[in-house]
Amino acid sequence: MTSLPAQEGQRDTNSSSLAVSAASATAAPEGAIAPPRAKRVQVARACQRCRRLQKACSDSRPCRRCTRAGLSDECGGFSFTSFSRESFERKAGLLPCQVIDYCSGRFFERLAPTIPILTPEYVANLRTRAPSESEAYCVLLGLCAMVTLQVEDPRDKYFGPFVTAENNVAYGWLLLEEALAAHRHLARRSNPCLDSVLLVFFIYACHASLSHHSQAFFFLREAATLFILVKPDTMDGLSRSLAERLFWVLLVSERSHAIRYRRPITLQVTTNGFGLSLSSDDGDDRSLCGFRCLAALFRGLDTSFIALLNQETVSRTLAHESLDDVEISINTALNHSCPSDLLPTQKANLRVTQLWLRIVLWQLRLRLGHLSEQSAQSSRTYHYPLDVAKDLTLSTRDLPIHSIQVHGAGITEKLFDISCAVVNVLARVPVRVTKAAAEGDLKYVRRLILQLPGGVTVYDALLVKHIQQTLPTMAAALEVTR
């Protein structure tokens, strides 16, 4: 058997090896299998010039490629003890002090009640270190990007006097792109600090607020992985307290993504010694009451529950009684605080999230065949989503709309899930309540969705389509004026 001719345009600089290959192929007997091609030798780290050209390098310094090109001097200067990429250069004037002042204030006013992962003292420390430390500067960058994209009205131009940007969302994009560039270039360490995890979390929050679900999950998993590598014994008291809070924020975010998008989870309640309880130093801080309730809502949703929900193959099945324990933990989570201690933003997030988790558990029981219309417990009946919708209407009607809007598209998705469950029940289950009451609750939730991030552009259209396909006879009755 003769060897096939080389393709036109191909060239090999080593003609002798080509001749040997051709000769061996010609001499091979009929039907023989050619030996595998030798694997190209790779070095652990290439020099700067070869990295820039994306060419093969050698272990010697200067390397053979640079020596042949007469550029041995360009082969040096690369650090073999650092994982950092090329140096990160800050864009001049992108993050003036006025923007940091405003965004940090807005964070403590609007977001800190739900994600209390920073304190004014820690932000002041970041600002002190920012001129000389890139990581501290990047945390401030990520913080401002998150506030700009999630809290501020995208059409306004509040930052116009300080920076050149068309509107708030355009400026938020500039900050996010700068944070992403910094993330690519900053050094990677085997024992990351709190600032490293905070930067990646803020990038995740930016993508989540923009409904970039795949990118958001990528950075959420990276933040969770970095947190696992954090060594709490190297932290001071303030950093340790903030790391404890950040653990719960990451755990809640990861479990929410796991439920919504059928993702796996990484963090466990005992990770790095965190998660057993909130720091005792925060015990008298009433502003953390709502945060403790949020942690309690998700604490019972362990790996076994997520695996059952996602229909994963597991070594052991979840007992029927375990779902009862999950239901009890969800229903009693808000008992960790007095309602008067909660801010409106906390009430909105906690109430909607609790009702959403009740729907998630109800859907799981429906799939497992645990429901019965003769059950004495409302949560075990087929019409239970109608009760959830009624509770949602009563518990959110008196809340200011900005207290719900500040939680971003995530809370809109939860309301959308509740609405779809209500539509399915109205279409398939004979209900004892009047149709008018159910329609009124559903219309209220739809009007609420229209006022929230992503409601007009994404979720209302999806809800209308679901209503038209599932409940066409009630489509006209469920119309709302925008």
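For the structure itself, consult the block above.
Residues numbered from 1 in each chain as written. Predicted model: local features only at pLDDT ≥ 70, side-chain atom pairs only at ≥ 80, totals over all residues. Heavy atoms only, no water.

Engineer: Can you explain the overall build of the protein? Please cite residues and give values.
Structural biologist: For the protein, the count of helices and strands is 19 helices and 0 strands. Across the 482 residues in the protein, those meeting the buried criterion constitute 48%. In the protein, 72% of the contacts between residues at least 6 apart in sequence involve partners at least 24 apart. By element, 53% of the accessible surface of the protein is carried by carbon and sulfur atoms, the whole surface being about 24700 Å². (Helix = DSSP H or I, 4+ residues; strand = E, 2+ residues; numbered from the N terminus. Buried < 20%, exposed > 50% of the residue type's maximum accessible area, 1.4 Å probe, protein only. Contact = heavy atoms within 4.5 Å. Areas by Shrake-Rupley, 256 points an atom, 1.4 Å probe, with all protein chains shown as cover.)

Engineer: Could you give an account of the pattern of salt bridges, with specific residues and numbers?
Structural biologist: Enumeration according to the criterion identifies 15 salt bridges in this entry. The shortest N-O distance in the salt bridge between Asp 324 and Arg 365 comes to 2.7 Å. A residue pair is termed long-range when its members are at least 10 positions apart, and Asp 324 in helix H13 (residues 320-332) and Arg 365 in helix H14 (residues 344-368) qualify at 41 residues. Residue classification places Asp 324 among the partly exposed residues on the basis of a relative accessible area of 21%. (Salt bridge = Lys/Arg side-chain N within 4 Å of Asp/Glu carboxyl O.)

Engineer: Describe the state of the cysteines, naming the residues involved and giving the relevant values.
Structural biologist: Two cysteines whose sulfur atoms are joined by a covalent bond form what is called a disulfide. The full count for this structure, using the stated rule, is 0 disulfides. Cys 103 carries a free sulfur, and the closest cysteine sulfur to it, the one in Cys 144, is 4.0 Å from it. With no disulfide of its own, Cys 293 lies closest to Cys 289 among cysteine sulfurs, the gap being 7.2 Å. Since its relative accessible area comes to 0%, Cys 293 is described here as buried. (Disulfide = S-S within 2.5 Å.)

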